Amino acid sequence: MRNIILDTDIGVDDAFALAYAARTQRLLGITTVFGNVTVEQAVKNARLFCQKMQIDAPIFRGCSRPLAQAPTSPAALVHGSDGLGGVFANPFNGEADNAVDFIIRSVNAHPGEITLVAIGPLTNIASAINQAPEIIARVKEIVIMGGAFGTQGHAGNVTPFSEFNIWKDPHAADQVLSSALPIVLMPLDVTHQVLIGGEAIRALQQPVLEAISRSYLDYSLKKERFEGMALHDTLTISWLVNPAWFGCVRSPLRVITEGIASGQTQRQLTNLASRHNAFADCTEQRICLEVDAEAVKHHFLTTLRGA
Ligand code: BDR
Ligand code: CA
């Protein structure tokens, strides 16, 4: 069990990840960021979901827009009008203390002890390392859901090149992925291999999880002819539970920040002896490209089952 801060733009799979994290890790705080929803809605969603699932963790408000590019709209088509399937009235407000300050303060107070889990755009994390670069050496590990490398055809989910979290703020992602933070990346290459159907969700007998996932399941049935969802964000927590479920390669990372491939993640594929090697100053990071999907699903489903 690790001490974690969960950084999230809380939509449906983020909520699943939060529920899984609350049962398997020590959750020090939830930091919110724009992405699937506005940051204000993310604070409201975190409060509502924590109340309904009896999760006790402080909630912070992070960045409301990307570092450099113009903001794009929330992902209402996939995650519903409010990011949580549009099924519950939400009485909470969107005010909260500053997320970036919380990350910096916590990591500095407990060097080497805190794992960051980032399941939305990387804007809060980039802001934290820009404001307080000393935390880079003090983070125990950062597990990130994001990116796509095209193995077995698993490429972008927003554009042919790019995965949502990275595409929403490619400049922040490039700063984080090219930094010396100890990164584990969960790209679509693995998250698209771990799918659960509506029947498995209903069998959890978790009314809140079932309700928030209904519109997500409808969307994937219409769009992909599959009544189910990729567990995307939950795989970051699976890594904390058992890293042996994953097969990784090590490589420096960069992100394309402009043009038709904006948001595309790149890893070094050759040992190029050139002055023009964009990976030259980057740290080797772990990129998960293989997963024991059955083991990941089984643990997730048995952990979440019942009250
Ligand atoms: C990522 O995009 C978001 O919509 C999901 O919550 C997940 O973090 C998958 O590409
Ligand atoms: Ca997410």
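Source: prediction; values computed, not measured.

Further remarks concern the coordination of the calcium ion (ligand 2). Protein ligation of the calcium ion (ligand 2) involves Asp9 (OD), Asp14 (OD), Asp14 (OD), Ile119 (O) and Asp233 (OD), the donor distances falling in the range 2.3 to 2.8 Å. All donors of the calcium ion (ligand 2) belong to a single chain; written as a sequence motif, their spacing is D-x4-D-x104-I-x113-D. Taken together, the residues span a long stretch of sequence, with Asp14 in helix α1 (residues 12–24) and Ile119 in the loop between β4 (114–118) and α5 (123–131) at a distance of 105 residues. A relative accessible area of 1% places Ile119 in the buried class.

The next subject is the site of ligand 1. Around ligand 1, 13 residues are found, and the nearest of them are Asp13, Asn36, Asn157, Glu163 and Asp233. Residue Asp13 places a side-chain N or O atom 2.6 Å away from an oxygen atom belonging to ligand 1. Within the side chain of Asp233, one N or O atom sits 2.6 Å away from an oxygen atom of ligand 1. Out of a free accessible area of 280 Å², ligand 1 has 95% covered by protein chains. At a threshold of 2 Å from the grid points, most atoms of ligand 1 map onto the largest pocket. Of all the secondary-structure elements, those providing two or more residues to the shell around ligand 1 are α1 and α6 (164–168). For the shell around ligand 1, the per-class residue count stands at 4 nonpolar, 5 polar and 4 charged.

This part is about the pairing of strand β1 (residues 3–8). Counting buried residues along β1, 6 of its 6 residues qualify, which places the element largely inside the surrounding structure. Burial along β1 is two-sided: the residues Asn3, Ile5 and Asp7 and Ile4, Leu6 and Thr8 are all buried. Note that β1 and strand β2 (residues 26–32) share 6 bridges and pair parallel. Bridging from a neighbouring strand, Asn3 pairs with Arg26 of β2. The parallel pair β1 and β2, bridged by α1, forms a crossover whose chirality is right-handed. Inspection of the sheet shows β1 paired to β4 by 5 bridges, in the parallel sense. Each bridged residue has a counterpart across the sheet, and for Leu6 the counterpart in β4 is Val117.

Summed over all chains, the structure comprises 6 salt bridges. The salt bridge partner of Arg286 is Glu141, with a shortest N-O separation of 3.8 Å. Here Arg286, found in strand β12 (residues 285–291), pairs with Glu141, found in strand β5 (residues 139–145); they are 145 residues apart in sequence, far enough to count as distant. Under the relative-accessibility criterion, Arg286 is labelled partly exposed at 26%.

The tally for this structure, following the rule as stated, stands at 4 aromatic pairs. Judged by centre distance (6.1 Å) and plane angle (20 degrees), the rings of Phe16 and Phe300 are stacked. Residue Phe16 is found in helix α1, and its partner Phe300 is found in helix α12 (residues 293–304); the two are separated by 284 residues along the sequence. Of the two residues, Phe16 and Phe300, neither departs from the other in class, the shared state being buried.

So, about the nonpolar core. Ranked by internal contacts, the top residues of the largest apolar core, which has 59 residues, are Phe16, Leu18, Phe49, Ile237 and Phe246. Broken down by element, the residue count for this core peaks at 8 residues, all from α1. Among residues more than four places away in sequence, those in contact with Ile237 are Ile4, Leu6, Ala17, Tyr20, Ala21, Thr24, Gln25 and Val117. Residues Ile135, Ile144, Phe149 and Leu253 belong to the second largest nonpolar core, which totals 38 residues.

Right, let's get into the sheet that holds β12. Reading across the sheet, the 8 strands line up as β3-β2-β1-β4-β5-β6-β12-β9 and stay open at both edges, with mixed pairing between neighbours. Each end of this open sheet is capped by a strand with a single partner; those strands are β3 (59–61) and β9 (246–251). Recorded for the sheet is a direction-independent mean angle of 25 degrees between the axes of neighbouring strands. Sitting on the sheet, helix α4 (residues 99–109) touches β1, β2, β3, β4 and β5, and the angle it makes with β2 is about 150 degrees.

Reading the values: the criteria
Residues numbered from 1 in each chain as written. Chains lettered and ligands numbered in written order. Predicted model: local features only at pLDDT ≥ 70, side-chain atom pairs only at ≥ 80, totals over all residues. Heavy atoms only, no water. Donors = N, O, S within 2.8 Å, 3.2 Å for Na, K, Ca; no water. Helix = DSSP H or I, 4+ residues; strand = E, 2+ residues; numbered from the N terminus. Buried < 20%, exposed > 50% of the residue type's maximum accessible area, 1.4 Å probe, protein only. Near = heavy atom within 4 Å. Polar contact = N/O pair within 3.5 Å; in protein donor to acceptor, adjacent residues only side chain to side chain. Areas by Shrake-Rupley, 256 points an atom, 1.4 Å probe, with all protein chains shown as cover. 1 Å grid on protein atoms, 1.4 Å probe; cavity = no way out; pocket = protein on both sides within 12 Å on 5 of 7 lines; lining within 4 Å. Sits in = over half its atoms within 2 Å of the grid points. Nonpolar A, V, L, I, M, F, W, Y, C, P; charged D, E, K, R; others polar. Pairing = 2+ DSSP bridges. Right-handed = clockwise from strand over helix to strand, strands pointing away. Salt bridge = Lys/Arg side-chain N within 4 Å of Asp/Glu carboxyl O. Phe/Tyr/Trp six-rings, centres within 6.5 Å; stacked < 30°, edge-to-face > 60°. Core = buried A, V, L, I, M, F, W, Y, C linked by side-chain atoms within 4.5 Å. Contact = heavy atoms within 4.5 Å. Axes fitted to C-alpha atoms, helices over the stretch in contact; angles between N-to-C directions.

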